[in-house]
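So the chains spell out like this:
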Amino acid sequence: MKVSDFDYHLPSDFIAQTPIDPRDRSRLMVLRRSDQAIEHSHFYHIGNYLKPGDLLVFNDSRVFRARLFGRTGNGNQVEVLLLRRLEENVWQATTRPGKKTRPGAKLTFESPGGDVADTAEVIKEGEGGTRIIRFSSEEPLERLGKAPLPPYIKAPLADPERYQTVYARVKGSAAAPTAGLHFTPELLRSLQERGIQFTFVTLHIGLDTFRPVRVEDPIHHHIHKEWGEVTMETAEAINHARKEGRRIIAVGTTSTRILEASALPDGAVRSLSSWIDLFILPGHRFRAVDAMLTNFHLPRSTLLMLVSAFAGREFILRAYTEAQSRGYRFYSFGDACLIL
(Lines give C-alpha, C1' and ligand atoms only; values in the text may rest on other atoms or scores of the structure.)
Protein backbone atom coordinates (compact mmCIF):
# COMPACT_ATOMS: atom_id res chain seq x y z
CA MET A 1 0.00 0.00 0.00
CA LYS A 2 1.34 3.42 -1.03
CA VAL A 3 0.13 6.96 -0.48
CA SER A 4 0.10 7.33 -4.27
CA ASP A 5 -2.64 4.66 -4.35
CA PHE A 6 -4.94 7.34 -2.91
CA ASP A 7 -4.10 10.07 -5.41
CA TYR A 8 -6.41 11.56 -8.01
CA HIS A 9 -6.48 14.71 -10.12
CA LEU A 10 -8.89 17.46 -9.17
CA PRO A 11 -8.94 20.78 -11.07
CA SER A 12 -9.23 23.73 -8.69
CA ASP A 13 -12.61 24.81 -10.04
CA PHE A 14 -14.19 21.75 -8.41
CA ILE A 15 -13.23 23.03 -4.93
CA ALA A 16 -16.28 24.67 -3.36
CA GLN A 17 -15.39 28.17 -2.16
CA THR A 18 -18.73 29.07 -0.58
CA PRO A 19 -21.46 27.06 1.15
CA ILE A 20 -24.72 26.14 -0.58
CA ASP A 21 -27.77 28.04 0.61
CA PRO A 22 -29.94 26.55 2.01
CA ARG A 23 -27.61 23.95 3.48
CA ASP A 24 -29.64 20.94 2.39
CA ARG A 25 -29.65 21.96 -1.30
CA SER A 26 -26.26 20.34 -1.79
CA ARG A 27 -26.07 17.25 -3.96
CA LEU A 28 -25.93 13.74 -2.56
CA MET A 29 -24.11 10.79 -4.08
CA VAL A 30 -25.22 7.43 -2.68
CA LEU A 31 -22.76 4.52 -2.82
CA ARG A 32 -24.07 1.01 -2.22
CA ARG A 33 -21.26 -1.31 -1.19
CA SER A 34 -23.35 -4.44 -1.70
CA ASP A 35 -23.53 -4.12 -5.49
CA GLN A 36 -21.10 -1.23 -6.16
CA ALA A 37 -24.00 0.91 -7.45
CA ILE A 38 -23.96 4.71 -7.53
CA GLU A 39 -27.06 6.90 -7.29
CA HIS A 40 -27.42 10.68 -7.55
CA SER A 41 -29.80 12.80 -5.51
CA HIS A 42 -29.95 15.92 -3.36
CA PHE A 43 -29.33 16.12 0.34
CA TYR A 44 -32.88 17.10 1.23
CA HIS A 45 -33.87 13.62 -0.05
CA ILE A 46 -31.50 11.78 2.32
CA GLY A 47 -34.50 10.43 4.24
CA ASN A 48 -35.33 8.29 1.21
CA TYR A 49 -32.16 6.28 1.87
CA LEU A 50 -32.67 5.90 5.62
CA LYS A 51 -34.96 3.54 7.53
CA PRO A 52 -37.07 4.04 10.65
CA GLY A 53 -34.90 3.05 13.58
CA ASP A 54 -31.61 4.06 11.94
CA LEU A 55 -29.37 5.81 14.47
CA LEU A 56 -27.45 8.81 13.15
CA VAL A 57 -24.35 9.62 15.22
CA PHE A 58 -23.38 13.31 14.98
CA ASN A 59 -20.19 15.03 16.14
CA ASP A 60 -21.36 18.03 18.16
CA SER A 61 -17.94 19.70 18.36
CA ARG A 62 -18.05 23.45 17.72
CA VAL A 63 -15.32 25.34 15.86
CA PHE A 64 -13.72 28.10 17.89
CA ARG A 65 -12.06 31.21 16.46
CA ALA A 66 -8.72 29.49 16.20
CA ARG A 67 -6.92 31.69 13.63
CA LEU A 68 -5.01 34.66 15.01
CA PHE A 69 -2.95 37.30 13.19
CA GLY A 70 -0.13 39.04 14.99
CA ARG A 71 3.43 40.33 14.72
CA THR A 72 6.83 39.22 15.92
CA GLY A 73 9.17 41.47 17.87
CA ASN A 74 10.75 42.49 14.56
CA GLY A 75 7.41 43.57 13.15
CA ASN A 76 6.95 40.58 10.86
CA GLN A 77 3.36 39.47 10.32
CA VAL A 78 2.56 35.97 11.53
CA GLU A 79 -0.51 33.74 11.39
CA VAL A 80 -1.24 31.37 14.27
CA LEU A 81 -3.72 28.50 14.07
CA LEU A 82 -4.56 27.18 17.53
CA LEU A 83 -4.94 23.41 17.56
CA ARG A 84 -5.38 22.32 21.15
CA ARG A 85 -5.13 23.76 24.63
CA LEU A 86 -2.44 21.97 26.64
CA GLU A 87 -2.86 23.86 29.90
CA GLU A 88 -3.93 27.31 31.05
CA ASN A 89 -2.73 29.88 28.48
CA VAL A 90 -0.60 27.27 26.65
CA TRP A 91 -1.56 26.01 23.18
CA GLN A 92 -0.23 23.77 20.46
CA ALA A 93 -0.45 25.67 17.17
CA THR A 94 0.76 25.89 13.62
CA THR A 95 2.39 29.13 12.54
CA ARG A 96 3.15 30.82 9.25
CA PRO A 97 5.87 31.62 8.42
CA GLY A 98 7.41 29.00 10.69
CA LYS A 99 10.94 30.43 10.43
CA LYS A 100 9.74 33.61 12.16
CA THR A 101 8.34 31.74 15.15
CA ARG A 102 11.17 29.65 16.49
CA PRO A 103 11.38 29.06 20.27
CA GLY A 104 11.92 32.32 22.09
CA ALA A 105 9.98 34.43 19.57
CA LYS A 106 7.74 37.08 21.14
CA LEU A 107 4.36 37.76 19.52
CA THR A 108 1.83 40.55 19.88
CA PHE A 109 -1.81 40.59 18.85
CA GLU A 110 -3.70 43.82 18.30
CA SER A 111 -7.34 44.69 18.83
CA PRO A 112 -9.34 46.13 15.91
CA GLY A 113 -8.50 49.58 17.29
CA GLY A 114 -4.77 48.96 17.06
CA ASP A 115 -4.06 48.47 20.76
CA VAL A 116 -2.05 45.49 21.96
CA ALA A 117 -4.68 43.04 23.21
CA ASP A 118 -2.44 40.10 24.05
CA THR A 119 1.15 38.92 23.94
CA ALA A 120 2.64 35.47 23.62
CA GLU A 121 5.93 33.59 23.51
CA VAL A 122 6.88 30.52 21.49
CA ILE A 123 8.28 28.30 24.24
CA LYS A 124 9.27 25.22 22.20
CA GLU A 125 8.68 23.22 19.04
CA GLY A 126 5.92 20.63 19.06
CA GLU A 127 5.41 17.46 17.08
CA GLY A 128 5.03 17.65 13.33
CA GLY A 129 6.45 21.15 12.99
CA THR A 130 3.94 22.74 15.36
CA ARG A 131 4.77 25.31 18.03
CA ILE A 132 3.93 25.43 21.72
CA ILE A 133 2.88 28.98 22.58
CA ARG A 134 2.22 30.57 25.97
CA PHE A 135 -0.20 33.51 25.91
CA SER A 136 -0.38 36.19 28.57
CA SER A 137 -4.08 35.43 28.96
CA GLU A 138 -6.87 33.53 27.21
CA GLU A 139 -9.63 36.12 27.43
CA PRO A 140 -8.79 37.90 24.13
CA LEU A 141 -8.37 34.75 22.02
CA GLU A 142 -12.04 34.28 21.13
CA ARG A 143 -12.47 38.02 20.55
CA LEU A 144 -9.43 38.42 18.30
CA GLY A 145 -9.61 35.10 16.47
CA LYS A 146 -11.17 34.40 13.10
CA ALA A 147 -12.89 31.33 11.67
CA PRO A 148 -10.17 28.80 10.75
CA LEU A 149 -11.20 28.05 7.17
CA PRO A 150 -9.15 25.41 5.34
CA PRO A 151 -6.28 26.78 3.23
CA TYR A 152 -7.94 25.74 -0.04
CA ILE A 153 -10.88 28.10 0.62
CA LYS A 154 -9.86 31.53 -0.65
CA ALA A 155 -13.22 33.32 -0.59
CA PRO A 156 -14.13 35.22 2.60
CA LEU A 157 -16.99 33.79 4.64
CA ALA A 158 -19.74 36.35 5.18
CA ASP A 159 -21.36 34.43 8.05
CA PRO A 160 -19.00 32.43 10.32
CA GLU A 161 -21.95 30.29 11.45
CA ARG A 162 -21.97 28.68 8.00
CA TYR A 163 -18.77 26.92 9.08
CA GLN A 164 -20.65 25.42 12.03
CA THR A 165 -23.17 22.62 12.07
CA VAL A 166 -26.62 23.63 13.29
CA TYR A 167 -26.15 21.28 16.27
CA ALA A 168 -22.61 22.36 17.21
CA ARG A 169 -22.40 22.60 20.99
CA VAL A 170 -19.01 21.76 22.56
CA LYS A 171 -16.36 24.32 21.61
CA GLY A 172 -12.95 22.92 20.73
CA SER A 173 -12.38 22.19 17.01
CA ALA A 174 -9.92 23.88 14.66
CA ALA A 175 -12.04 22.70 11.71
CA ALA A 176 -15.69 21.86 11.21
CA PRO A 177 -17.04 18.29 11.03
CA THR A 178 -18.15 19.12 7.51
CA ALA A 179 -20.41 16.14 6.79
CA GLY A 180 -22.89 17.72 9.17
CA LEU A 181 -22.95 21.11 7.44
CA HIS A 182 -25.72 19.91 5.11
CA PHE A 183 -28.35 19.47 7.84
CA THR A 184 -30.94 22.13 8.59
CA PRO A 185 -33.20 22.21 11.66
CA GLU A 186 -36.17 21.51 9.38
CA LEU A 187 -34.51 18.48 7.83
CA LEU A 188 -33.57 17.10 11.25
CA ARG A 189 -37.19 17.41 12.39
CA SER A 190 -38.39 15.71 9.22
CA LEU A 191 -36.03 12.78 9.79
CA GLN A 192 -37.18 12.39 13.38
CA GLU A 193 -40.79 12.33 12.20
CA ARG A 194 -39.82 9.39 9.97
CA GLY A 195 -38.59 7.48 13.03
CA ILE A 196 -34.87 8.10 12.49
CA GLN A 197 -33.01 8.53 15.75
CA PHE A 198 -30.06 10.75 16.74
CA THR A 199 -27.25 10.65 19.23
CA PHE A 200 -24.08 12.69 19.67
CA VAL A 201 -20.38 12.17 20.22
CA THR A 202 -17.67 14.81 20.54
CA LEU A 203 -14.36 14.78 18.70
CA HIS A 204 -12.40 18.03 18.51
CA ILE A 205 -10.77 18.22 15.09
CA GLY A 206 -7.11 19.17 15.02
CA LEU A 207 -4.00 19.21 12.88
CA ASP A 208 -4.50 16.24 10.57
CA THR A 209 -7.40 17.93 8.77
CA PHE A 210 -4.85 20.39 7.38
CA ARG A 211 -1.83 18.11 7.04
CA PRO A 212 -1.09 15.93 3.99
CA VAL A 213 0.47 12.48 4.27
CA ARG A 214 4.09 12.99 3.19
CA VAL A 215 5.52 9.49 3.64
CA GLU A 216 5.23 6.94 0.83
CA ASP A 217 3.95 4.17 3.11
CA PRO A 218 0.93 5.50 5.04
CA ILE A 219 1.57 3.03 7.85
CA HIS A 220 4.47 5.30 8.87
CA HIS A 221 2.31 8.43 8.97
CA HIS A 222 1.96 9.81 12.50
CA ILE A 223 -1.59 10.96 13.17
CA HIS A 224 -2.03 13.58 15.87
CA LYS A 225 -4.21 13.05 18.89
CA GLU A 226 -7.65 14.63 19.12
CA TRP A 227 -9.75 14.82 22.27
CA GLY A 228 -13.05 12.99 22.17
CA GLU A 229 -15.93 11.85 24.33
CA VAL A 230 -18.59 9.16 24.07
CA THR A 231 -20.98 9.55 26.96
CA MET A 232 -22.58 6.62 28.75
CA GLU A 233 -25.96 7.73 27.36
CA THR A 234 -24.63 7.67 23.79
CA ALA A 235 -22.94 4.30 24.26
CA GLU A 236 -26.19 2.82 25.60
CA ALA A 237 -28.19 4.24 22.68
CA ILE A 238 -25.76 2.72 20.16
CA ASN A 239 -25.60 -0.64 21.90
CA HIS A 240 -29.39 -0.79 22.19
CA ALA A 241 -29.76 -0.06 18.47
CA ARG A 242 -27.21 -2.73 17.59
CA LYS A 243 -28.97 -5.36 19.72
CA GLU A 244 -32.18 -4.59 17.84
CA GLY A 245 -30.45 -4.92 14.48
CA ARG A 246 -30.78 -1.24 13.59
CA ARG A 247 -28.11 0.56 11.55
CA ILE A 248 -25.49 2.81 13.12
CA ILE A 249 -24.78 5.62 10.65
CA ALA A 250 -21.77 7.83 11.38
CA VAL A 251 -22.20 11.42 10.25
CA GLY A 252 -18.67 12.20 9.15
CA THR A 253 -15.22 10.68 9.39
CA THR A 254 -14.76 12.17 12.86
CA SER A 255 -17.79 10.32 14.22
CA THR A 256 -16.51 7.20 12.49
CA ARG A 257 -13.08 7.46 14.09
CA ILE A 258 -14.31 7.93 17.64
CA LEU A 259 -16.92 5.18 17.30
CA GLU A 260 -14.32 2.75 16.01
CA ALA A 261 -11.90 3.83 18.76
CA SER A 262 -14.55 3.10 21.38
CA ALA A 263 -15.72 -0.20 19.85
CA LEU A 264 -15.17 -3.50 21.61
CA PRO A 265 -14.42 -6.73 19.68
CA ASP A 266 -18.11 -7.68 19.59
CA GLY A 267 -19.13 -4.30 18.13
CA ALA A 268 -20.46 -2.86 21.37
CA VAL A 269 -19.38 0.70 22.15
CA ARG A 270 -17.95 1.78 25.48
CA SER A 271 -18.08 5.25 26.95
CA LEU A 272 -14.81 7.16 26.89
CA SER A 273 -13.31 10.59 27.46
CA SER A 274 -9.76 10.64 26.17
CA TRP A 275 -7.33 11.49 23.39
CA ILE A 276 -7.91 9.60 20.13
CA ASP A 277 -5.17 8.71 17.63
CA LEU A 278 -6.81 5.94 15.60
CA PHE A 279 -5.60 5.95 11.98
CA ILE A 280 -7.97 3.93 9.80
CA LEU A 281 -6.44 2.37 6.70
CA PRO A 282 -7.68 -0.30 4.26
CA GLY A 283 -7.67 -3.59 6.14
CA HIS A 284 -9.37 -2.09 9.19
CA ARG A 285 -12.31 -4.19 10.41
CA PHE A 286 -15.18 -1.83 11.15
CA ARG A 287 -17.00 -2.90 14.29
CA ALA A 288 -19.27 -0.02 15.26
CA VAL A 289 -20.27 1.68 11.99
CA ASP A 290 -22.74 0.26 9.44
CA ALA A 291 -22.99 3.27 7.10
CA MET A 292 -21.28 6.61 6.74
CA LEU A 293 -22.16 10.11 5.56
CA THR A 294 -19.18 12.14 4.41
CA ASN A 295 -17.96 14.76 1.92
CA PHE A 296 -15.45 14.37 -0.92
CA HIS A 297 -11.88 14.41 0.41
CA LEU A 298 -8.46 15.62 -0.62
CA PRO A 299 -6.08 13.38 -2.60
CA ARG A 300 -3.49 11.50 -0.53
CA SER A 301 -5.29 12.41 2.72
CA THR A 302 -6.01 10.32 5.81
CA LEU A 303 -9.74 10.93 5.23
CA LEU A 304 -9.63 9.50 1.73
CA MET A 305 -7.83 6.47 3.16
CA LEU A 306 -10.56 6.08 5.79
CA VAL A 307 -13.45 6.08 3.31
CA SER A 308 -11.43 3.73 1.08
CA ALA A 309 -11.11 1.37 4.04
CA PHE A 310 -14.89 1.47 4.44
CA ALA A 311 -16.02 1.17 0.82
CA GLY A 312 -12.95 -0.06 -1.10
CA ARG A 313 -10.33 2.08 -2.80
CA GLU A 314 -11.37 1.25 -6.37
CA PHE A 315 -15.05 1.96 -5.66
CA ILE A 316 -14.24 5.30 -4.02
CA LEU A 317 -11.92 6.46 -6.80
CA ARG A 318 -14.53 5.45 -9.41
CA ALA A 319 -17.14 7.43 -7.51
CA TYR A 320 -14.84 10.46 -7.36
CA THR A 321 -14.26 10.27 -11.11
CA GLU A 322 -18.02 10.12 -11.70
CA ALA A 323 -18.54 13.02 -9.28
CA GLN A 324 -16.22 15.17 -11.39
CA SER A 325 -17.96 14.15 -14.60
CA ARG A 326 -21.29 15.29 -13.09
CA GLY A 327 -19.97 18.55 -11.63
CA TYR A 328 -20.10 17.75 -7.92
CA ARG A 329 -18.50 20.24 -5.53
CA PHE A 330 -15.58 18.94 -3.44
CA TYR A 331 -14.15 19.40 0.07
CA SER A 332 -15.51 21.28 3.10
CA PHE A 333 -18.26 23.33 1.44
CA GLY A 334 -18.86 20.69 -1.21
CA ASP A 335 -21.48 18.02 -1.77
CA ALA A 336 -22.17 14.91 0.29
CA CYS A 337 -21.67 11.19 -0.12
CA LEU A 338 -23.72 8.53 1.69
CA ILE A 339 -21.99 5.14 1.83
CA LEU A 340 -24.40 2.30 2.61
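Residues numbered from 1 in each chain as written. Predicted model: local features only at pLDDT ≥ 70, side-chain atom pairs only at ≥ 80, totals over all residues. Heavy atoms only, no water.

Novice: Mind showing me how you'd approach the overall build of the protein here?
Specialist: When its secondary structure is counted, the protein shows six helices and 17 strands. Since a compact globule built from 340 residues should have a radius of gyration of about 20 Å, the 20 Å found for the protein is in line with a globular shape. On the principal axes, the C-alpha backbone points of the protein span a range of 60 × 45 × 40 Å. Taking all 340 residues of the protein together, 54% fall into the buried category. (Helix = DSSP H or I, 4+ residues; strand = E, 2+ residues; numbered from the N terminus. Rg over C-alpha atoms; globule rule 2.2 N^0.38 Å. Buried < 20%, exposed > 50% of the residue type's maximum accessible area, 1.4 Å probe, protein only.)

Novice: Please clarify how the pairing of strand β8 (residues 106–110) should be interpreted in this entry.
Specialist: Consecutive residues of a regular strand have side chains that alternate between opposite faces of the sheet. The side-chain alternation of β8 yields one buried face, formed by L107 and F109, and one unburied face, formed by K106, T108 and E110. Inspection of the sheet shows strand β5 (residues 67–72) paired to β8 by two bridges, in the antiparallel sense. Looking at β8, one finds that T72 is bridged to L107. (Pairing = 2+ DSSP bridges.)

Novice: Is there a simple way to think about the pairing of strand β16 (residues 291–295) in this case?
Specialist: Most of β16 sits inside the fold, with five of its five residues counted as buried. Two elements, strand β14 (residues 248–251) and β16, share three bridges in a ladder whose sense is parallel. Across the sheet, residue I249 finds its bridge partner in β16, namely A291. Note that β16 and strand β17 (residues 336–339) share four bridges and pair antiparallel. Among the inter-strand pairings, T294 is bridged to a residue of β17, identified as C337.

Novice: How do you make sense of the pattern of salt bridges when you look at a structure like this?
Specialist: Oppositely charged side chains can pair when the atoms bearing their charge come close. Throughout the structure, instances matching the rule amount to 16 salt bridges. Of the charged contacts in the structure, one is a salt bridge between D24 and R25, with a shortest N-O distance of 2.9 Å. According to the relative accessible area criterion, R25 is partly exposed, its value standing at 43%. In this structure, the salt-bridge partner of R96 is E79, at a minimum N-O distance of 3.0 Å. A residue pair is termed long-range when its members are at least 10 positions apart, and R96 in strand β7 (residues 90–96) and E79 in strand β6 (residues 77–87) qualify at 17 residues. Classification of E79 by relative accessible area gives buried; the value is 13%. Connected via shared salt-bridge partners are R67, E79 and R96. (Salt bridge = Lys/Arg side-chain N within 4 Å of Asp/Glu carboxyl O.)

Novice: Mind showing me how you'd approach unusual backbone geometry here?
Specialist: A negative phi angle is the norm for most residues apart from glycine, just as the trans form is the norm for most peptide bonds. A cis amide bond links D21 to the next residue, P22, at an omega of -5 degrees. With respect to the element layout, P22 can be found in the segment before β1 (27–32). Of note, N89 is a non-glycine position whose phi angle comes to about 70 degrees, a positive value. Residue placement: N89 occurs in the loop between β6 and β7.

Novice: I tried to follow the nonpolar core on my own but got confused; where do I start?
Specialist: Across soluble globular proteins, you tend to see nonpolar side chains buried next to one another. In this structure, L31, L259 and F330 are the most contacted members of the largest nonpolar core, which totals 64 residues. Per-element tally for this core: the top contributor is helix α5 (residues 302–311), with seven residues. Those residues in contact with F330 that lie beyond four places of it in its chain are Y8, L10, F14, I15, A16, F296, Y320, A323 and Q324. Within the second largest apolar cluster, 22 residues are counted, among which are F43, I46, Y167 and V251. (Core = buried A, V, L, I, M, F, W, Y, C linked by side-chain atoms within 4.5 Å. Contact = heavy atoms within 4.5 Å.)

Novice: Please clarify how the packing of α5 against helix α6 (residues 313–325) should be interpreted in this entry.
Specialist: Think of two packed helices as two axes; the pair is described by the angle between the axes and how far apart they sit. Where α5 meets α6, the axes come as close as 7 Å, and the angle between the chain directions of the two elements is 115 degrees. Contacts between α5 and α6 pair L304, V307, S308 and A311 from the former with R313, F315, I316 and Y320 from the latter. Here the residues of the contact of α5 with α6 sort into six nonpolar, one polar and one charged. (Axes fitted to C-alpha atoms, helices over the stretch in contact; angles between N-to-C directions. Nonpolar A, V, L, I, M, F, W, Y, C, P; charged D, E, K, R; others polar.)

Novice: When you look at the packing of aromatic side chains in this model, what are you seeing that I'm missing?
Specialist: Tallied over the entire structure, the rule returns 19 aromatic pairs. Taken together, a centroid distance of 6.3 Å and an interplanar angle of 40 degrees make the contact between Y8 and F330 tilted. Residue Y8 is found in the segment before β1, and its partner F330 is found in the loop between α6 and β17; the two are separated by 322 residues along the sequence. Residue Y8 shares its accessibility class with F330, and that shared class is buried. Relative to F198, the ring of F58 has its centre 5.2 Å away and its plane inclined at 85 degrees; by these criteria the two rings are edge-to-face. Of this pair, F58 sits in strand β3 (residues 55–59) while F198 sits in strand β12 (residues 197–203), and the two are 140 residues apart along the sequence. Given the relative accessible area of 1%, F58 is considered buried. One aromatic cluster in this structure is built from Y8, F14, Y152, F296, Y320, Y328, F330 and Y331. The lysine or arginine in question, R27, covers the ring of Y328, its NZ or CZ lying 4.0 Å from the ring centre. A cation over an aromatic ring shows up here: R84 above the ring of W275, its NZ or CZ 4.6 Å from the ring centre. (Phe/Tyr/Trp six-rings, centres within 6.5 Å; stacked < 30°, edge-to-face > 60°. Lys NZ or Arg CZ within 6 Å of the ring centre and 35° of its normal.)

Novice: Teacher, can you tell me more about the sheet that holds β12 here?
Specialist: Strand pairing in a sheet relies on backbone hydrogen bonds. The paired strands run either parallel or antiparallel. In spatial order, the strands read β2-β1-β17-β16-β14-β3-β12-β13-β15; together these nine strands make up an open sheet with mixed pairing. Here the strands that pair on one side only, and so sit at the sheet edges, are β2 (37–42) and β15 (272–276). Pairwise comparison of adjacent strand axes, ignoring direction, gives a mean angle of 25 degrees for this sheet. Pairing of β1 with β2, which is carried by six bridges, proceeds in the antiparallel orientation. From the neighbouring strand, M29 faces β2, where its bridge partner is H40. Where α5 meets the sheet, its contacts fall on β16 and β17, and the angle it forms with β16 comes to roughly 150 degrees.

Function-wise, these values are silent; they only describe arrangement.
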